[in-house]
Amino acid sequence: MKPIIIPIENKYADAVVDLVLSIQQKEFNVPITLEDQPDLLNITNFYYASGGGFWGAFIDDELVGTIALVKFNDSEAAIRKMFVKKEFRGKEFSIAQKLLETLIDYCKENQIDDLYLGTITILEAALRFYERNDFVRIAKESLPATFPIMSADNVFCHLQLKK
């Protein structure tokens, strides 16, 4: 079963909401609601309008993973909404890796030189994944002034794409 990764828009909002909220609330007990994330109901305007994107990984027509990109200035962007259903994580499917590679390819094609992300300390496996992919932890104070910080985030990472 090989995942298919495609850009997704508002017609997938219900599937995205189900996937994201289930992982946030049920699996990791993150105190976040749909009301805290209005972007999930308006993917097209929130992500694509600024030059970012939103991708979904599908296996047998089921949404099993997501990743999004918020472009917050000409050459900098933030990763958002990186989620993979528990039963599809790991090297067997490599969904997280394929999603990240899709996003990085998009950045390189669109002159985005710096990629940032915020996450929370309890997502240690996610942090290890980003570090394996050359992201470096940085202090919150080191973020660009225009970086869109999410209230729950307390760990921040940076990847320089242009060497």
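Thresholds applied
- Residues numbered from 1 in each chain as written.
- Predicted model: local features only at pLDDT ≥ 70, side-chain atom pairs only at ≥ 80, totals over all residues.
- Heavy atoms only, no water.
- Buried < 20%, exposed > 50% of the residue type's maximum accessible area, 1.4 Å probe, protein only.
- Helix = DSSP H or I, 4+ residues; strand = E, 2+ residues; numbered from the N terminus.
- Pairing = 2+ DSSP bridges.
- Right-handed = clockwise from strand over helix to strand, strands pointing away.
- Salt bridge = Lys/Arg side-chain N within 4 Å of Asp/Glu carboxyl O.
- Phe/Tyr/Trp six-rings, centres within 6.5 Å; stacked < 30°, edge-to-face > 60°.

Colleague: So what exactly am I meant to see when it comes to the pairing of strand E5 (residues 114–119) here?
Modeller: Within a regular strand, the side chains alternate between the two sheet faces. Among the six residues that make up E5, five are buried, leaving the element largely enclosed by the rest of the structure. Pairing analysis gives four bridges linking strand E4 (residues 76–84) to E5, with the strands arranged parallel. Bridge assignment links Ala 77 to a residue of E5, and that residue is Leu 115. Regarding the hand of the β-α-β motif, the stretch spanning E4, helix H3 (residues 95–109) and E5 is right-handed.

Colleague: I tried to follow the pattern of salt bridges on my own but got confused; where do I start?
Modeller: A side chain with one charge may pair with a side chain of the opposite charge, provided their charged atoms come close. If you walk through the whole model with that rule in mind, you get five salt bridges. With its nearest N and O atoms 3.9 Å apart, the salt bridge here joins Lys 81 to Asp 39. With Lys 81 in strand E4 and Asp 39 in the loop between helix H1 (13–27) and helix H2 (43–48), the pair connects residues that are 42 residues apart, well separated along the chain. Overall, Asp 39 belongs to the buried group, its relative accessible area being 5%.

Colleague: What is the right way to read the environment of Asn 45 from this model?
Modeller: As for its position among the elements, Asn 45 is in helix H2. Along the backbone, Asn 45 and Glu 9 are 36 residues apart, and their C-alpha atoms lie at a distance of 9.2 Å.

Colleague: Please explain the packing of aromatic side chains as it appears in this structure.
Modeller: Here a ring pair, both rings aromatic, is described through the centre-centre distance and the interplanar angle of the planes. This model, assessed by the stated rule, comprises 11 aromatic pairs. The interplanar angle of 50° and the centroid separation of 6.1 Å between the aromatic rings of Phe 72 and Tyr 116 together place this pair among those described as tilted. In this pair, Phe 72 is assigned in strand E3 (residues 62–73) and Tyr 116 in strand E5, connecting sequence segments 44 residues apart. The same class applies to Phe 72 as to Tyr 116, namely buried. Judged by centre distance (5.7 Å) and plane angle (90°), the rings of Phe 72 and Phe 147 are edge-to-face. Of the two residues, Phe 72 sits in strand E3 while Phe 147 sits in the loop between strand E6 (136–138) and strand E7 (155–160), which places them 75 residues apart along the sequence.

These figures capture arrangement, not role.
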